[in-house]
Amino acid sequence: MGANSTIKHYHPVELTNEQRLEASELMTALKDAGFVDGRENLGQFVTNCFFRGLNEYRKELMRHD
């Protein structure tokens, strides 16, 4: 294995301005309700939403098996 085998490639999630605004409004509402840490920024929130969605898909696969 060469040195390049340890390089990881990341693909950023690209949101339109409308999607960013929608995510920001949702994050603010969730912070106000106490469901999201008040220190979390939009990037962290979007990443958490992504992983939460992946976990839901994993649950669906487990139910399917």
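The following paragraphs examine the structure supplied in this document. What you see is a predicted model, and the numbers here were worked out from it, not measured in a lab.

**Considerations on the pattern of salt bridges**
And then number 1: Applying the stated criterion across every chain yields a total of 3 salt bridges.
And then number 2: Put simply, Arg-39 and Asp-37 hold a salt bridge, and the shortest N to O gap is 3.0 Å.
And then number 3: Residue Arg-39 is classed as exposed on the basis of its relative accessible area, which comes to 72%.
And then number 4: Salt-bridge contacts for Glu-60 lead to Arg-63; the nearest nitrogen and oxygen are separated by 2.7 Å. Taken as a pair, Glu-60 and Arg-63 lie in helix H2 (residues 42-64) at a separation of 3 residues, close to a single helical turn.
And then number 5: With relative accessibility at 44%, the residue Glu-60 sits in the partly exposed group.

**Examining helix H1 (residues 17-32)**
And then number 1: Over its 16 residues, H1 runs 22 Å from end to end, which matches the ideal 22 Å to within 8%, given 1.5 Å per residue.
And then number 2: Positive phi appears at Gly-34, one or two residues downstream of H1, with a value of about 85 degrees.

**A look at the packing of H1 against H2**
And then number 1: Between H1 and H2, the least distance of the axes is 10 Å, while the angle of their chain directions is 90 degrees. One way to sum up the angle between H1 and H2 is to call them roughly perpendicular. Here Arg-20, Ala-23, Ser-24, Leu-26, Met-27 and Leu-30 of H1 come into contact with H2, specifically with Leu-42, Phe-45 and Val-46.
And then number 2: By residue class, the composition of the contact of H1 with H2 is 7 nonpolar, 1 polar and 1 charged.

**With respect to the environment of Thr-47**
And then number 1: Here Thr-47 shows up in helix H2.
And then number 2: Residue classification places Thr-47 among the partly exposed residues on the basis of a relative accessible area of 39%.
And then number 3: For the pair formed by Thr-47 and Tyr-10, sequence separation is 37 residues and the distance between their alpha carbons is 13 Å.
And then number 4: A polar contact is formed between the side chain of Thr-47 and the backbone oxygen of Gly-43, at a distance of 2.9 Å.

Calculation criteria
Residues numbered from 1 in each chain as written. Predicted model: local features only at pLDDT ≥ 70, side-chain atom pairs only at ≥ 80, totals over all residues. Heavy atoms only, no water. Salt bridge = Lys/Arg side-chain N within 4 Å of Asp/Glu carboxyl O. Buried < 20%, exposed > 50% of the residue type's maximum accessible area, 1.4 Å probe, protein only. Helix = DSSP H or I, 4+ residues; strand = E, 2+ residues; numbered from the N terminus. Expected span 1.5 Å × (residues − 1). Axes fitted to C-alpha atoms, helices over the stretch in contact; angles between N-to-C directions. Parallel < 35°, antiparallel > 145°, perpendicular 65-115°, else oblique. Contact = heavy atoms within 4.5 Å. Nonpolar A, V, L, I, M, F, W, Y, C, P; charged D, E, K, R; others polar. Polar contact = N/O pair within 3.5 Å; in protein donor to acceptor, adjacent residues only side chain to side chain.

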